[in-house]
Structure formats: structure tokens, C-alpha cells
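# A look at the structure
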Amino acid sequence: MPELQEFARLVPGDHGLCVVSTLRPDGTIQSSVVNAGVLAHPVTGGEVVGLVARGGSRKLANLRARPRASVVIRVGWEWAAAEGPVDLAGPDDPLAGVDGERLRLLLREIFTAAGGTHDDWPTYDRVMAEEHRTAVLVAPERVSANPRG
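In this report, we go over the structure that sits alongside the text. Bear in mind that the values here come from a model prediction, so they are computed numbers and not experimental data.

This part covers the overall build of the chain. Of the regular secondary structure elements, the chain holds 4 helices and 7 strands. The order of α-helices and β-strands along the chain, N terminus first, is α-β-β-β-α-β-β-α-α-β-β. If one aligns the C-alpha atoms of the chain with their principal axes, the spans along those axes are about 40 × 40 × 25 Å. For the chain, the share of sequence-separated contacts (at least 6 apart) that also reach a separation of at least 24 residues comes to 67%. Accessible surface computed for the chain: about 7,700 Å², of which carbon and sulfur atoms make up 54%. Separation between the mean location of the 16 positive side-chain charges and that of the 19 negative ones in the chain comes to 5 Å.

Shown next, in the form of C-alpha cells:
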């Protein structure tokens, strides 16, 4: 998807900082700031926007009940948005084809795709497990971008 390339291009501009929006039970929108990046879905291989949600977070509860999200990235006046259905993969959200070891690596892949670097992966892995972190994978059905601001 060409527009998703615009999303990926903007990730290094501000450490992959994005706004993710989900739907609350009453239909209103809940938004929060996250780090996200573009990577291959661990099961289908298709390009997705990935982010990591802390276990017990409101966005994760919303996504479990209504698995759709919109993710917007911006750097200056340039922006890109991806919207679509969500797959969750985590200790409390099993995804067929993603076992514990694959989840550990997937959380690292999302962190790296969002522009993160780490010099102590064992500590990172431990914290992700302790916090019941879940991979959120947004399959882009609709992508829009303003690449020139």
C-alpha cells in the first residue's frame, strides 16, 4: 500500500510518536499517544501498523470489545493516518500462530519499527512480560496522507 510507505517514512521524524484512537462502549472516541511503526504481520505477512499496549489499559479493553483503530503520525505539517481492523497478540490475547517466543520477538520488532533502540533486551523482555504488554496490529483498510504539509 503506497500510502503506508508515507506513514513509515514519517516514523523517524519524531520517534514514531502517534495518536491512536479507539471506540469506547458508548461510541465516543478515546485517544492516546503511543509509539508505532510499520512492520509485517507475524501470521499473514501483510504490512500493518504496530504498537504495544500495556495490559489493563483502556485502549486495550476498547480494542478487545471493538477491534478497530485509527493511528495518525505527524512530523511538522506532514501526516499520515491508517485505519482498520486490529489483531491483538499478547499474554491475555492469544493469536493463532504466535506463541510465547514469537510474541517476545514481535514486541521487539514493533519497538524497533517505531524507531526504538535498546542495549538491554533481556530487561526489555522482562518488563514487557511483567506489564502484560500486547501487540496491537492495525491492518490498513483506509490510509490517507499529506506528505508535503
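This is not the end of the story, as more comes after the structure.
Further remarks concern a nonpolar patch on the surface. A surface patch of nonpolar side chains, about 380 Å² in accessible area, is lined by Leu17, Val19, Val33, Val72 and Trp79. Position of valine 72 relative to the elements: it lies in strand 4 (residues 68–75). Judged by relative accessible area, valine 72 falls into the partly exposed class, the value being 32%.

What follows deals with the environment of valine 38. For valine 38, the location among the structural elements is in strand 2 (residues 29–40). As a C-alpha pair, valine 38 and glycine 50 span 12 residues in sequence and 6.1 Å in three-dimensional space. When residues no more than four places from it in sequence are discounted, the contact partners of valine 38 are Leu4, Phe7, Ala8, Glu47, Val48, Val49 and Ala113.

Reading the values: rules and limits
Residues numbered from 1 in each chain as written. Predicted model: local features only at pLDDT ≥ 70, side-chain atom pairs only at ≥ 80, totals over all residues. Heavy atoms only, no water. Helix = DSSP H or I, 4+ residues; strand = E, 2+ residues; numbered from the N terminus. Contact = heavy atoms within 4.5 Å. Areas by Shrake-Rupley, 256 points an atom, 1.4 Å probe, with all protein chains shown as cover. Lys, Arg positive; Asp, Glu negative; His and termini not counted. Charge placed at Lys NZ, Arg CZ, Asp CG, Glu CD. Patch = residues over 30% accessible without salt bridge, like charges linked within 9 Å, V, L, I, M, F, W, Y side chains within 5 Å. Salt bridge = Lys/Arg side-chain N within 4 Å of Asp/Glu carboxyl O. Buried < 20%, exposed > 50% of the residue type's maximum accessible area, 1.4 Å probe, protein only.

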